[in-house]
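Below are the chains, spelled out letter by letter.
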Amino acid sequence: MSSEEPLQGPPSEENAEKKLSKKELAKLERQRKRQEAAAAASAAAGVSAVNLEAEDPLAANYGEIPLNDLQSKEISGKKWTEVKDLTNELKDQVVLIRGRAQAIRAVGKKMAFLVVRERGFTVQCVLTVAQDVVSPQMVKFATSLSRESIVDIEGVISVPSQPITGASQQVEIQVRKLYSVNKAVPALPINIEDAARSELEIEKALQAGEQLVRVNQDTRLNFRVLDMRTPANQAIFRIQCQVENIFRQFLLSEGFVGIHTPKLIAGSSEGGSAVFRFDYKGTPACLAQSPQLHKQMAICGDFGRVFEVGPVFRAEDSFTHRHLCEFTGLDVEMEIKEHYSEVMDIVDRLFVTMFDGLNEKCSKELEAINRQYPFEKLKYLRKTLRLTFEEGVQMLKEAGVEIDPFGDLNTESERKLGQLVLEKYGTEFYILHRYPLAVRPFYTMPCHDNPKYSNSFDVFIRGEEIISGAQRVHVPELLTERAQAVGIDVKTISTYIDSFRYGAPPHGGFGVGLERVVMLFCALNNIRKTSLFPRDPQRITP
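Residues numbered from 1 in each chain as written. Predicted model: local features only at pLDDT ≥ 70, side-chain atom pairs only at ≥ 80, totals over all residues. Heavy atoms only, no water.

Named according to an unreviewed UniProt entry, the chain is aspartate--tRNA ligase originating from Sesamum alatum. The heading Sequence similarities (unreviewed entry) in the UniProt record of the chain holds the text "Belongs to the class-II aminoacyl-tRNA synthetase family. Type 2 subfamily." (UniProt positions renumbered as here; feature names shortened; annotations may be inferred.)

Right, here's the structure in full:
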């Protein structure tokens, strides 16, 4: 429009109607009627909702908790009960719990069941319409909750006459108050029920002509926050916590000192190419493949016996069920008085104590794992079996498996030897020592009677290696020679080698992966099941 054109107002209704055809006018009339009907319905619904709320004298007993009340507003002094502690002894008592709405089921308009879960334990909660206790609106609110929402429930404990099959606790809560603390989205990426299902259940359903959802490993790891909530995963990581705890407590009782070593180092700690390299303020550096160098330096610093629990980084492209690029290492180093068997003695007693402790303290957790991933309890001896590498090679040879006497065992050979050991000695946990020197790290001490072998050992569970250990070279000249032989730039580990020039005691130690211990103790088929947020060549999130 030009500035000279006169401004025109909107056309009058009469003019507009003249311009529209009869067909168009009819269409507009239909649209107007639909809008009026929708507005009337909306208004009626609003009035109905208001009336319902106004008419419900029990409205204060349910609903969503306002954010303001969840911002550490006050300390009420309320007494909370954990779901795992809900037992028959609490019959007729009023309890207050917080958990997740795992399952919600309406039975008509006057009754509903909620299964509430807290840290792997579940309880059935019942809402039944009753005057001055539970209103129909409260039941409707309960059934509107999305699964996995966080809820607070107050109610009276009752003990049903029949066993409860859908919950871990054999009591019910007769709900009196129900509040939503935080809602989960209505459509979850994976359902906890599906993620908690065993392969046996899936196979049985298939045989019966029913197809159940199978949640694959990548999907689990992509939505790990949800996957963690299954009973089996809750149990796995509680057992992992106990493994670390027993490791610490046993070693402390044996006079060991806990230390923390750097993970940013100037050179490779193990040799080889499986190392993450990066620029450290203009200087080439690596992520530590183990705390090996520094725990030995701690021995040279007169700590006598040390241990560490910390991250270990391996840049290997291993797409296997038992390798990770980052894992938690349990490391030990100690002075040796006469023989490297002193280190194996610690391994023996430590792990027998650990296995005993897990079987005794974690029976419920082991049962939870067994329900989803069935396994047989680990077989081990009170005094751990020790075989030399040569004896192991001989056993394999007698079974028709040819092994290079100065090479390493591959995965198939390890499993076969584990099977032979179980058949002959009745144990799935044993030590194999005096390995060929050529297959051990540069800091491993050669045998006194044959330099082709070393004072080293590996430990196996269920036919898989979990521990590597050895007596270390504490003589700087021999250490330099060994490092150069495997291609390590001696300049990058000069401070390590120099620490042995000031007087170093004979010493040895071992390292074990926490995740691998749990995996093999529970006979799980993949180490990613025992790593909270696994890091492998293809995964660096979440």
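Anyway, onward from the coordinates.
Novice: Tell me about the overall build of the chain, residues and numbers included.
Specialist: Scanning the chain from terminus to terminus reveals 16 helices and 17 strands. Of the contacts formed within the chain by residues at least 6 apart in sequence, a portion of 70% connects residues at least 24 apart. Approximately 28,800 Å² of the chain is accessible, and the part contributed by carbon and sulfur atoms is 52%. (Helix = DSSP H or I, 4+ residues; strand = E, 2+ residues; numbered from the N terminus. Contact = heavy atoms within 4.5 Å. Areas by Shrake-Rupley, 256 points an atom, 1.4 Å probe, with all protein chains shown as cover.)

Novice: How would you summarise unusual backbone geometry if you had to cite specific residues and measurements?
Specialist: For the peptide bond that leads from Thr541 to Pro542, omega is -5°, which places it in the cis range. Considering the arrangement of structural elements, one finds Pro542 in the segment after helix 16 (514-521). The residue Asp302 is not glycine, and still its phi comes out positive at about 75°. As for its placement among the helices and strands, Asp302 is situated in the loop between helix 9 (292-300) and strand 11 (305-313). Of the residues examined, Asp302 reaches a relative accessible area of 65% and is grouped as exposed. Unusually for a residue other than glycine, Ala523 sits at a positive phi of about 55°. Among the secondary structure elements, Ala523 is positioned in the segment after helix 16. (Buried < 20%, exposed > 50% of the residue type's maximum accessible area, 1.4 Å probe, protein only.)

Novice: Any chance you could break down the sheet that holds strand 8 (residues 264-265) for me, citing the residues and the numbers?
Specialist: Read from one edge to the other, the open sheet built from three strands follows the order 8-10-9, with strand pairing classed as antiparallel. Edge strands, defined here as strands with exactly one partner in the open sheet, are strand 8 and strand 9 (277-280). (Pairing = 2+ DSSP bridges.)

Novice: Break down the sheet that holds strand 13 (residues 385-388) for me, with residues and values.
Specialist: The eight strands lie next to each other as 7-11-12-17-16-15-14-13, forming an open sheet whose pairing is mixed. Of all strands in the sheet, those bounded by a partner on one side alone are strand 7 (257-258) and strand 13. Across four bridges, the pairing between strand 13 and strand 14 (residues 429-433) is parallel. Residue pairing in the sheet places Leu387 in a bridge with Leu432 of strand 14. Its contacts with the sheet place helix 9 against strand 11, strand 12 (326-335) and strand 17 (507-513), and it is angled at close to 25° to strand 12. Sheet strands in contact with helix 12 (residues 389-398) are strand 13 and strand 14, and its direction is about 85° off that of strand 13. (Axes fitted to C-alpha atoms, helices over the stretch in contact; angles between N-to-C directions.)

Novice: Can you explain the nonpolar core? Please cite residues and give values.
Specialist: Among soluble globular proteins, nonpolar side chains are generally buried collectively. The biggest cluster of nonpolar side chains holds 57 residues, and the ones touching the most others in it are Phe351, Phe457 and Ile466. With 25 residues, the next largest nonpolar core counts Val116, Phe141, Ile157 and Val171 among its residues. (Core = buried A, V, L, I, M, F, W, Y, C linked by side-chain atoms within 4.5 Å.)

Novice: Describe the state of the cysteines, with residues and values.
Specialist: Counted by the stated rule, this structure contains zero disulfides. No disulfide involves Cys241; its sulfur sits 8.9 Å from the nearest other cysteine sulfur, which is in Cys362. (Disulfide = S-S within 2.5 Å.)

Novice: So what's going on with the packing of aromatic side chains? Which residues, and what values?
Specialist: One pass over the structure, following the stated rule, counts 14 aromatic pairs. Ring geometry for Phe389 versus Tyr435: centroids 4.8 Å apart, planes at 50°, classification tilted. Within this pair, whereas Phe389 is found in helix 12, its partner Tyr435 is found in the loop between strand 14 and strand 15 (456-461), the two being separated by 46 residues in sequence. Tyr435 carries the same exposure label as Phe389, and that label is buried. Taking 6.4 Å as the distance between ring centres and 85° as the angle between the ring planes, the aromatic pair formed by Phe442 and Tyr496 counts as edge-to-face. With a gap of 54 residues between them, Phe442 in the loop between strand 14 and strand 15 and Tyr496 in helix 15 (residues 494-498) connect regions that are remote in the sequence. The ring of Tyr435 carries the charged tip of Arg440 above its face, separated from the ring centre by 4.6 Å. (Phe/Tyr/Trp six-rings, centres within 6.5 Å; stacked < 30°, edge-to-face > 60°. Lys NZ or Arg CZ within 6 Å of the ring centre and 35° of its normal.)

Novice: Could you give an account of the environment of Ala470, with specific residues and numbers?
Specialist: Checked against the element boundaries, Ala470 lands in strand 16 (residues 464-471). The class for Ala470 is buried, based on a relative accessible area of 2%. Along the chain, Ala470 and Tyr443 lie 27 residues apart, while their C-alpha atoms are 9.0 Å from each other. Ignoring sequence-local partners within four residues, the contact set of Ala470 consists of Thr444, Asn455, Ser456, Phe457, Gly508 and Gly509.

Novice: How would you sum up the side chain of His433? Please name residues and give values.
Specialist: Inspection of the secondary structure assignment puts His433 in strand 14. Judged by relative accessible area, which is 14%, His433 ranks as buried. Those residues in contact with His433 that lie beyond four places of it in its chain are Tyr340, Met344, Arg386, Leu387, Thr388, Phe389, Ser456 and Phe457.

Novice: Residues and numbers for the side chain of Asp458, please.
Specialist: For Asp458, the location among the structural elements is in strand 15. Among the polar contacts made by the side chain of Asp458, one reaches the side chain of Arg440 at a distance of 3.1 Å. Sequence-distant contacts of Asp458, that is, excluding residues within four places in its chain, are made with Tyr430, Ile431, Leu432, Tyr435, Arg440, Glu465, Ile467, Ser468 and Gly469. (Polar contact = N/O pair within 3.5 Å; in protein donor to acceptor, adjacent residues only side chain to side chain.)

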